[in-house]
Amino acid sequence: QVQLVESGGGLVQPGGSLRLSCAASGNIPRFNGMGWYRQAPGKERELVAFIRSDGNTNYTDSVKGRFTVSRENAKNTVHLQMNSLKPEDTAVYYCNLYFWRTIRYDYWGQGTQVTVSS
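No experiment lies behind these values; they were computed from the predicted model shown.

1. Quick word on the state of the cysteines
What is meant by a disulfide is a covalent connection between two cysteines, made through their sulfur atoms. With the rule as written, the count across this model stands at one disulfide. Between the sulfur atoms of Cys22 and its disulfide partner Cys95 the distance amounts to 2.1 Å. One disulfide, between Cys22 and Cys95, carries an S-S torsion of -85° and so falls in the left-handed class. Note that Cys22 is positioned in strand S3 (residues 18–26) and Cys95 in strand S9 (residues 91–101), a separation of 73 residues in sequence. For the pair shown, Cys22 and Cys95 are each scored as buried.

Quick look at the structure:
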């Protein structure tokens, strides 16, 4: 069983910064991907940023240049540094971990609220 525990999030003014962290525990293969999705009210969940255990990253266009995803492989931890936050970044952010063992396995955190408002 895999568990994900998120931390960070909260209320910040436009232009501000926040840092999210997610620690995974359990039976996790060495090769995996970790990252963040978000879901705003009335919208579908979308990919924000992702990083594989080999260091490859992927960002949605709207956060490129503002958000940075990083990880500590030894701790199975992923971070999301969010700078220059905008009101449209307001959403519940979910940590995700996936790996392949014949089929793809996905695990999710409980979600953390990020609100960008003055």
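The rest of the description comes next.
2. Thoughts on the pairing of strand S4 (residues 33–39)
In terms of burial, S4 is a largely internal element, six of the seven residues being buried. Relative to strand S5 (residues 46–52), S4 is paired through six bridges, and the arrangement is antiparallel. Bridge pairing in S5 links Gly33 to Arg52. Linking S4 back to S5 in an antiparallel pair, the connection comprises six residues, with Gly42 at a positive phi of about 80°.

3. Considering the side chain of Asn32
Its location among the elements puts Asn32 in the loop between S3 and S4. For Asn32, the side chain forms a polar contact with the main-chain oxygen of Pro29, separated by 2.8 Å. Side-chain polar atoms of Asn32 contact the side chain of Arg71, separated by 2.7 Å. Leaving out residues up to four positions away in the same chain, Asn32 has contacts with Ile51, Arg52, Ser53, Arg71, Asn76, Leu97, Tyr98 and Phe99.

4. Re the sheet that holds strand S8 (residues 77–82)
Judged by pairing direction, the sheet is antiparallel, and its four strands sit side by side in the order S1-S3-S8-S7 without closing on themselves. In this open sheet, the two edge strands, each paired with only one partner strand, are strand S1 (2–7) and strand S7 (67–72). Each strand axis lies, on average, 15° off the axis of its neighbour in the sheet, ignoring direction. The pairing of S7 with S8 spans six bridges and is antiparallel. Bridge pairing links Val69 to Leu80 in S8.

5. Overview of the packing of aromatic side chains
Each pair of aromatic rings is reported with the distance of its centres and the angle of its planes. For the structure shown, the criterion picks out five aromatic pairs. For the pair Phe99 and Tyr107, a centre-to-centre distance of 5.9 Å together with 25° between the ring planes defines the contact as stacked. In textbook terms, an aromatic cluster arises when at least three aromatic residues are bridged by ring pairs, as seen for Tyr37, Phe50, Tyr98 and Trp108. The ring of Tyr94 has Arg45 sitting right over it, with the charged end atom 3.8 Å from the ring centre.

6. So, the environment of Arg19
Here Arg19 is to be found in strand S3. Overall, the relative accessible area of 46% leaves Arg19 in the partly exposed class. Distance in space between the C-alpha atoms of Arg19 and Thr68 is 9.5 Å, their sequence separation being 49 residues. In this view, Arg19 contacts Ser7, Gly8, Gly9, His79, Leu80 and Gln81; residues no more than four positions away in its chain are not counted. One polar contact links Arg19 to His79, side chain to side chain, over a distance of 3.4 Å.

Reading the values: the criteria
- Residues numbered from 1 in each chain as written.
- Predicted model: local features only at pLDDT ≥ 70, side-chain atom pairs only at ≥ 80, totals over all residues.
- Heavy atoms only, no water.
- Disulfide = S-S within 2.5 Å.
- Helix = DSSP H or I, 4+ residues; strand = E, 2+ residues; numbered from the N terminus.
- Buried < 20%, exposed > 50% of the residue type's maximum accessible area, 1.4 Å probe, protein only.
- Pairing = 2+ DSSP bridges.
- Polar contact = N/O pair within 3.5 Å; in protein donor to acceptor, adjacent residues only side chain to side chain.
- Contact = heavy atoms within 4.5 Å.
- Axes fitted to C-alpha atoms, helices over the stretch in contact; angles between N-to-C directions.
- Phe/Tyr/Trp six-rings, centres within 6.5 Å; stacked < 30°, edge-to-face > 60°.
- Lys NZ or Arg CZ within 6 Å of the ring centre and 35° of its normal.

As far as function goes, none of this settles anything; it's purely spatial.
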